[in-house]
Number of protein chains: 2
Amino acid sequence: MAESWVNSAERIGADLHLELSGSGSRRAALIHALRDAVRSGRLAPGTRLPPYRSLAADLGVARNTVADAYAELVAEGWLTARQGSGTRVAERAAPPPRVRVPKRAPAARNAPPPHHLIQGQPDAGSFPRTAWLAAARRALTAAPNDAFGPGDPRGRIELRRALADYLARARGVRTDPERIVVCSGFAHALRLLFGTAGSGGGVLRGPLAVEAYGLGFHRSILDAARVRTVPLPLDEHGARVEELAAMTGPVRAVLLTPAHQFPTGGPLHPERRAAVVDWARTHSGLVLEDDYDGEFRYDREPVGAVQGLDPERVVYVGSVSKSLSPAVRLGWLVLPEHLVDAVVTAKGEREAWASAPDQLTLAELIESGQYDRHVRRMRQRYRRRRDQLVAALAEHAPHITVTGIAAGLHAVLRLPPGTEASAVKAAAWHGVGLEGLASYRHPAATATAPDGLVVGYATPPEHAYAAALDALCRALPPA
Amino acid sequence: MAESWVNSAERIGADLHLELSGSGSRRAALIHALRDAVRSGRLAPGTRLPPYRSLAADLGVARNTVADAYAELVAEGWLTARQGSGTRVAERAAPPPRVRVPKRAPAARNAPPPHHLIQGQPDAGSFPRTAWLAAARRALTAAPNDAFGPGDPRGRIELRRALADYLARARGVRTDPERIVVCSGFAHALRLLFGTAGSGGGVLRGPLAVEAYGLGFHRSILDAARVRTVPLPLDEHGARVEELAAMTGPVRAVLLTPAHQFPTGGPLHPERRAAVVDWARTHSGLVLEDDYDGEFRYDREPVGAVQGLDPERVVYVGSVSKSLSPAVRLGWLVLPEHLVDAVVTAKGEREAWASAPDQLTLAELIESGQYDRHVRRMRQRYRRRRDQLVAALAEHAPHITVTGIAAGLHAVLRLPPGTEASAVKAAAWHGVGLEGLASYRHPAATATAPDGLVVGYATPPEHAYAAALDALCRALPPA
């Protein structure tokens, strides 16, 4: 070997760019530097490293520091140490392909349009941070230690108690905490009920009747779980539930949005509410009630949940995605007694999904009345936004009307026949993100809804709403 | 009709037990009381209700209050209103079977034994509530509004940035925030990688080699997803990864716990760390590194992750379940570049699982140094507990030794041959919850580990640990 150890140590020492003045131990810095040198190929496989004392002297560190660093890197597989052969760079530690910084632009994935009127999102700027943090402080301070252990798959009892009371009071739901199962949101609920057993699910089987217009995202979860969905036609009274009995399959379950049909916007007629429960009783059927925005009704008090008519025949599903934020991943199933065990089993032996801090915080938010206060505040805000939308149309596009009830976070604008596709394109051209009714249509639906635009008026930040409305009005088809 | 309206109103009024002095509006109280009366059968289907003014007079409320209440209940399907026939109790609103309070005792499901030494759980009483709340306050106050909108399925960028730094520093992981995907924990990561496409998964295919001893819960997730697992024998150097190349299937992926084999407790030998990466490179294979307790090493600094040897061949998975709490449902996958898009797609278009408040809070906890501080504190505490365990055995059962490295949240007690099953029974009899090594054995494993007990010394509250050790020593087989 031509090079003396001291020269080698000097060369390697110089190569290591050790920041001995930096924070962290010298040992850690040396390990880091050696790893980098091997990784980058500056220290080639097979290279023999200088003895401890040489490198220690060159770097001005203790001998033990070098010895420790070598031992660490041997343990990690970067170096090998053999009796009589000293410490070498491992043959296998050849530099792998350099870590590539991906080309994809991180912002592009969900880049919002300038005027964001896509339905389904509450105003993110209205999240009640102060109330949430105060509730978190009270809840986490008061929680028993076991709140930080493995969780009951049904969810925290504090939250299930608060929900049982709240849902009875606000939504006419009849239940008790033992029949509530907390989940991560509606999609999780759907997976628990219909997903394959392998995926934590499989409580119910298809086919499942769904409203002819609905959320494609839900259909795709069901498709992926190989659950056939059968579209139920809609008319001015909502889903034509009287057609359930004749459906082949036979159909034993139906997914409905009774308070505010999504997306067309009407309530299910009282007679049909009763009729669908009747159907379930006489056909061993089950109603899945997706109460996605039931708290938001502007012309009157919200209509109570269908679940109240027969808790043994209706699975009621709700979440905080519209009332509070989709960033808080909490939803709930209110189950008939005979389904509780199966859903809990599908969920698993422990709580593997819903955050205990969030569950405790939401329970406290509800118990303290702050949740109601937030919902009332948002009800006023969204009602005002809907009124502004109606007023803007009356002024700038009187030939276009808002259909459906004054409720929820979206409205449907009825368009002149044949203009929907071009109106969606015109909206995009004007920087308005929204969708036409056609994009919510079940592929097997027999009838087609009149042309319409689905306007999510809750989505934009408060300061941007007026501009979004202006842009929308400019994009609408002429009379 | 024999009865006058006034009498009927009086009867119904008396029956309603209206608490008009209670909180809430009279309207809400009346609706509630009428619903109850119909539900219980006190108002039978078909019963005609008194006109507004009669009931209003009898109850001492405004006529509009009664009118509103009737309208509400008609909308909900409890009552029907027909021109000329007045308001009646709906025929279909027959009382359903009474809601039964389930017999199951809520506490029985996860009732812990008196001395809880089942592995896998950090001390729930040590959750850093104050630091967590302080981090939550700073994080949620500073977060942009979009933190409360629909989330990026990769997870919050704040958390991915904090993790990229932390994992490089603490675990020798080489990555960048673009290659990290946040999830709900290890089980979620396994489902994303191997679950059926229908369940949000299906990135990789089986068969998957697994260590011959491991967590049955993980195997059952894989079984349910119809992924065949092939046991890899263990010896004193850890998993015999040199057998991977000859495995039929062929096997293209292997799940390992290199830092601290679970449950037997040894580290993967440095040569095998390098060899498994070699295998992955030459066989287009993939190493899944389950770094479940890598931060907890008591005899030396933790050995870095295998991932650092080749980030393109190793999927590194970690979570806060051991370091912080299983009640905070946060984990992470550090992915090779070529798997990022597939895993994100499997997760869905939006964040449907991990709580944004928790993600922001954990990011702040890490950035502020409080996470490191907590880990250091717990490292000292668990080290002390392990030392106590070793000392108790030396004193009371010197024929039984603790095997494996001084690391993690559990230890394995080597038992005299043939005594494991009876020792587990004896432990149960003494009120000690723990499991034998046999319960972690892959059903197809060819070799059997020596008899041993898996002791989770982190699980009991601090004050209960000494008593748990006493009980354990009493339950051990005699020399």
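Residues numbered from 1 in each chain as written. Chains lettered and ligands numbered in written order. Predicted model: local features only at pLDDT ≥ 70, side-chain atom pairs only at ≥ 80, totals over all residues. Heavy atoms only, no water.

A. Examining the overall build of chain A more closely. Along chain A, the regular secondary structure elements total 14 helices and 17 strands. Put simply, chain A has 479 residues, and 59% of those count as buried. A separation of at least 24 residues holds for 72% of the contacts in chain A among residues at least 6 apart in sequence. Accessible surface, chain A as shown: approximately 18800 Å² in total, 53% of it carbon and sulfur. (Helix = DSSP H or I, 4+ residues; strand = E, 2+ residues; numbered from the N terminus. Buried < 20%, exposed > 50% of the residue type's maximum accessible area, 1.4 Å probe, protein only. Contact = heavy atoms within 4.5 Å. Areas by Shrake-Rupley, 256 points an atom, 1.4 Å probe, with all protein chains shown as cover.)

B. Quick look at the packing of helix α7 (residues 186-194) of chain A against helix α8 (residues 216-224) of chain A. Residue and element names in this part refer to chain A. At their nearest, the axes of α7 and α8 sit 10 Å apart, and the two run at 25° to each other. For the element pair α7 / α8, the angle class is roughly parallel. Of the two possible hands of crossing, α7 and α8 adopt the one that is right-handed. Contacts between α7 and α8 involve F186, A187, L190, R191 and F194 on the former and, on the latter, F217, H218, I221 and L222. Classifying every residue of the contact of α7 with α8 gives 7 nonpolar, 1 polar and 1 charged. (Axes fitted to C-alpha atoms, helices over the stretch in contact; angles between N-to-C directions. Parallel < 35°, antiparallel > 145°, perpendicular 65-115°, else oblique. Left-handed = near helix turned anticlockwise from the far one by under 90°. Nonpolar A, V, L, I, M, F, W, Y, C, P; charged D, E, K, R; others polar.)

C. Spotlight on the sheet that holds strand β11 (residues 314-319) of chain B. Residue and element names in this part refer to chain B. Across the sheet, which stays open at both edges, the 7 strands sit in the order β4-β12-β11-β10-β9-β5-β6 with mixed pairing between neighbours. The open sheet has two edge strands with one neighbour each: β4 (180-183) and β6 (229-232). Within the sheet, the average angular offset between the axes of one strand and its neighbour, ignoring direction, is 20°. Looking at chain direction, strand β5 (residues 208-211) and strand β9 (residues 253-256) are connected through 3 bridges and run parallel. Each bridged residue has a counterpart across the sheet, and for A209 the counterpart in β9 is V254. Running at roughly 165° to strand β10 (residues 286-290), helix α7 (residues 186-194) makes contact with β4, β5, β9, β10, β11 and β12 (331-334) of the sheet. (Pairing = 2+ DSSP bridges.)

D. Representation of the pattern of salt bridges in the model. If you walk through the whole model with that rule in mind, you get 50 salt bridges over all chains. Linking B:D235 and B:R240 is a salt bridge whose minimum nitrogen-to-oxygen distance equals 3.0 Å. Taking the relative accessible area as the measure of exposure, B:R240 reaches 27% and is therefore partly exposed. Because the salt bridges share partners, they merge into one network encompassing A:D123, A:R381, A:R384, A:R385 and A:E462. (Salt bridge = Lys/Arg side-chain N within 4 Å of Asp/Glu carboxyl O.)

E. Structural context of helix α3 (residues 52-59) of chain B. The set of residues buried in α3(B) consists of B:S54, B:L55, B:A56 and B:L59. Positive phi shows up at B:G60, right after α3(B), with a value of about 70°.

F. Structural view of the interface of chain B and chain A. Taken together, the contact between chain B and chain A spans 93 residues of the former and 93 residues of the latter. Summing both sides of the interface, chain B and chain A together bury roughly 8200 Å²; the carbon and sulfur share of this comes to 53%. Here chain B is connected to chain A by 2 salt bridges. B:E72 is the salt-bridge partner of A:R300, the closest N and O atoms lying 2.4 Å from each other. The interface formed by chain B and chain A contains 26 residue pairs in polar contact (both at pLDDT 80 or more). If you list the elements that add at least two residues to the side of chain B that touches chain A, you get α2 (26-40), α4 (63-76), α5 (129-142), α7, α8 (216-224), α9 (270-282), α10 (337-347) and α11 (356-367) of chain B. Looking at the side of chain B that touches chain A element by element, the count peaks at 8 residues for α5(B). (Buried area = accessible area lost by both parts, 1.4 Å probe. Polar contact = N/O pair within 3.5 Å; in protein donor to acceptor, adjacent residues only side chain to side chain.)

G. Summary view of the relation of the copies chain B and chain A. Of the two same-sequence chains, chain B is brought onto chain A (RMSD 0.0 Å, axial shift 0.0 Å) by a rotation of 180°. Considering both components of the superposition, the chain copies are consistent with a two-fold axis. Both copies share a contact surface, since 99% of the interface residues of chain B are interface residues in chain A too. (Least-squares fit on C-alpha atoms with pLDDT ≥ 70 in both.)

H. Geometry of empty space enclosed by the protein. Taken as a whole and judged by the stated rule, the model has 10 cavities of 30 Å³ or more. If you add up the space inside the second largest cavity, you get close to 90 Å³. Together, 14 residues line the second largest cavity, and A:W132, A:A136, B:W132, B:A136 and B:D358 are the ones closest to its centre. Contributions of two or more residues to the lining of the second largest cavity are made by α5 (129-142) and α11 (356-367) of chain A together with α5 and α11 of chain B. Looking at the lining of the second largest cavity residue by residue, the class counts come to 10 nonpolar, 2 polar and 2 charged. (1 Å grid on protein atoms, 1.4 Å probe; cavity = no way out; pocket = protein on both sides within 12 Å on 5 of 7 lines; lining within 4 Å. Points joined across faces, edges and corners; volume = space filled by probe spheres on them.)

I. Representation of the pairing of β12(B). All names here are of chain B. Alternating positions in β12 separate into two faces, G331 and L333 on one and W332 and V334 on the other, with burial throughout. Where β4 meets β12, 4 bridges bridge the pair, whose relative direction is antiparallel. Across the sheet, the residue bridging to C183 is G331, located in β12. With 4 bridges connecting them, β11 and β12 associate as antiparallel partners. The residue bridging V317 from the neighbouring strand is L333, located in β12.

J. Region of the structure containing the packing of aromatic side chains. As enumerated under the stated definition, the model contains 15 aromatic pairs over all chains in all. Note on B:F262 and B:Y292: the rings are 5.5 Å apart at their centroids and 85° apart in plane angle, and the pair reads as edge-to-face. Placement of B:F262 in the loop between β9 and α9 and of B:Y292 in the loop between β10 and β11 is noted, with a sequence separation of 30 residues between them. Plain terms: the ring middles of B:F262 and B:Y440 are 5.5 Å apart, the flat faces sit at 85° to each other, and that makes the pair edge-to-face. Here B:Y440 lies in the loop between β16 (435-436) and β17 (452-456) and B:F262 lies in the loop between β9 and α9, a separation of 178 residues in the sequence. Summarising the burial analysis for this pair, B:F262 and B:Y440 share the class buried. The rings of A:F127, A:W132 and B:F148 are connected pair by pair, giving a single aromatic cluster. Above the plane of the ring of A:Y465 lies A:R385, whose end atom (NZ or CZ) is 5.1 Å from the centre. (Phe/Tyr/Trp six-rings, centres within 6.5 Å; stacked < 30°, edge-to-face > 60°. Lys NZ or Arg CZ within 6 Å of the ring centre and 35° of its normal.)

K. Structural detail: the state of the cysteines. Within this structure, the stated rule accounts for 0 disulfides over all chains. You can see A:C183 has no disulfide; the closest cysteine sulfur is in B:C183, sitting 18 Å from it. (Disulfide = S-S within 2.5 Å.)

L. Examining the pairing of strand β5 (residues 208-211) of chain A more closely. Residue and element names in this part refer to chain A. Here β5 shows two buried faces, one formed by L208 and V210 and the other by A209 and E211. When β5 meets strand β6 (residues 229-232), the two strands line up parallel, connected through 4 bridges. Across the sheet, L208 pairs through a bridge with T229, a residue of β6.

M. The arrangement of the sheet that holds strand β12 (residues 331-334) of chain A in detail. Residue and element names in this part refer to chain A. Pairing is mixed across the open sheet formed by 7 strands, whose spatial order is β4-β12-β11-β10-β9-β5-β6. Taken across any chain shown, the strands that pair with only one partner, and hence form the sheet edges, are β4 (180-183) and β6. For this sheet the average axis-to-axis angle between neighbouring strands, irrespective of direction, equals 20°. Set on the sheet, helix α6 (residues 157-171) makes contact with β4, β11 (314-319) and β12; between it and β4 the angle comes to about 105°. Sitting on the sheet, α7 is in contact with β4, β5, β9 (253-256), β10 (286-290), β11 and β12, with an inclination near 165° to β10.

N. Molecular detail of the environment of A:V320. Residue and element names in this part refer to chain A. As for its position among the elements, V320 is in the loop between β11 and β12. Separated by 138 residues in sequence, V320 and V182 place their C-alpha atoms 11 Å apart. If we ignore the near neighbours within four places in the chain, the residues touching V320 are S325, V328, L330, W332, L362 and Y371.

O. Here's a closer look at unusual backbone geometry. Residue and element names in this part refer to chain A. In the segment running from G249 into P250, the intervening peptide bond is cis, with an omega of -15°. Of note, P250 is situated in the loop between β8 (238-239) and β9. The phi angle at R226 is positive, at roughly 60°, despite the residue not being glycine.

P. Summary view of α2(B). Residues and elements named next belong to chain B. Taking 1.5 Å of rise per residue, the 15 residues of α2 would be expected to cover 21 Å, and the 21 Å separating its terminal C-alpha atoms lies within 8% of that figure. Taken residue by residue, α2 has R27, L30, I31, A33, L34, R35, A37, V38 and R39 as its buried positions. Phi for G41, located one or two positions after α2, is positive at around 90°. (Expected span 1.5 Å × (residues − 1).)

Q. Looking closely at the packing of helix α3 (residues 52-59) of chain A against helix α4 (residues 63-76) of chain A. Residue and element names in this part refer to chain A. Two elements in contact, α3 and α4, have axes whose closest approach is 8 Å; the angle formed by their N-to-C orientations is 120°. Here α4 runs oblique to α3, going by the angle between their axes. In this structure, α3 meets α4 at a crossing whose hand is right-handed. Residue-level inspection shows Y52, R53, L55 and A56 of α3 in contact with α4, the latter providing R63, V66, A67 and Y70.

R. The arrangement of the confidence of the model for chain A in detail. All names here are of chain A. Across chain A, pLDDT averages 89, with 90% of residues at or above 70. The low-confidence segment residues 97-109 (pLDDT under 50) makes 21 contacts with residues lying over four places distant or belonging to another chain. Interface confidence in the predicted complex, given as ipTM, is 0.83; pTM for the same model is 0.84. (pLDDT = per-residue confidence, 0-100.)

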